[in-house]
Amino acid sequence: MSTAIQEIKESIYKNKKRLANEIRESKELLSLLTKSTHKKLTSEEKKKVKEQLLDICKSIPALAVFMLPGGALLLPLLIKLIPDILPSSFREDDSIDIDLK
């Protein structure tokens, strides 16, 4: 039982860091979109905007599935079958530790 609790705690911590990273990236997107109304964006900035908009678009179906009856059980199955359904911050990659400042 103790290991199950520890795994749950680790999962919550990991997803908390991922959510914070996604929020940070979304703030950067808002900043770039605001900037784009006054100035031309560089190619690097355009690339960041495109990536973040795609991440937002990926979040919507995952959230919709989660909200369905039984979605909490269905979403992990869909993630295994279609790993790209999640935003980049939430993809499983234990080799990369998100460093929040």
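Read on for a plain summary of the structure. All of these numbers come straight from a predicted model, not from anything done at the bench.

With that settled, consider the overall build of the protein. Secondary structure assignment for the protein yields three helices and zero strands. Considering the protein as a whole, with its 101 residues, one finds that 23% of them fall into the buried category. Looking at the protein alone, contacts between residues at least 24 apart form 63% of all its contacts between residues at least 6 apart. Taken as a whole, the protein presents about 8000 Å² of accessible surface, with 65% of it coming from carbon and sulfur.

With that settled, consider the pattern of salt bridges. Evaluated as defined, the whole model comprises two salt bridges. In this structure, E28 and K48 form a salt bridge, with 3.1 Å as the shortest nitrogen-oxygen distance. Taken together, the residues span a long stretch of sequence, with E28 in helix 1 (residues 2-36) and K48 in helix 2 (residues 43-67) at a distance of 20 residues. Residue K48 is classed as partly exposed on the basis of its relative accessible area, which comes to 33%. Measuring nitrogen to oxygen at the nearest pair gives 2.6 Å for the salt bridge that ties E45 to K35. With E45 in helix 2 and K35 in helix 1, the pair connects residues that are ten residues apart, well separated along the chain.

Taking 1.5 Å of rise per residue, the 25 residues of helix 2 would be expected to cover 36 Å, and the 37 Å separating its terminal C-alpha atoms lies within 8% of that figure. The complete set of buried residues in helix 2 reads E45, V49, Q52, D55, A62 and V65.

Once that is clear, we can look at the packing of helix 2 against helix 3 (residues 71-81). Two elements in contact, helix 2 and helix 3, have axes separated by 6 Å at closest approach and are oriented at 140°. Taken as axis vectors, helix 2 and helix 3 run oblique relative to one another. Contacts between helix 2 and helix 3 involve A62, V65 and F66 on the former and, on the latter, G71, A72, L74, L75 and L78. Here the residues of the contact of helix 2 with helix 3 sort into seven nonpolar, one polar and no charged.

About the thresholds
Residues numbered from 1 in each chain as written. Predicted model: local features only at pLDDT ≥ 70, side-chain atom pairs only at ≥ 80, totals over all residues. Heavy atoms only, no water. Helix = DSSP H or I, 4+ residues; strand = E, 2+ residues; numbered from the N terminus. Buried < 20%, exposed > 50% of the residue type's maximum accessible area, 1.4 Å probe, protein only. Contact = heavy atoms within 4.5 Å. Areas by Shrake-Rupley, 256 points an atom, 1.4 Å probe, with all protein chains shown as cover. Salt bridge = Lys/Arg side-chain N within 4 Å of Asp/Glu carboxyl O. Expected span 1.5 Å × (residues − 1). Axes fitted to C-alpha atoms, helices over the stretch in contact; angles between N-to-C directions. Parallel < 35°, antiparallel > 145°, perpendicular 65-115°, else oblique. Nonpolar A, V, L, I, M, F, W, Y, C, P; charged D, E, K, R; others polar.

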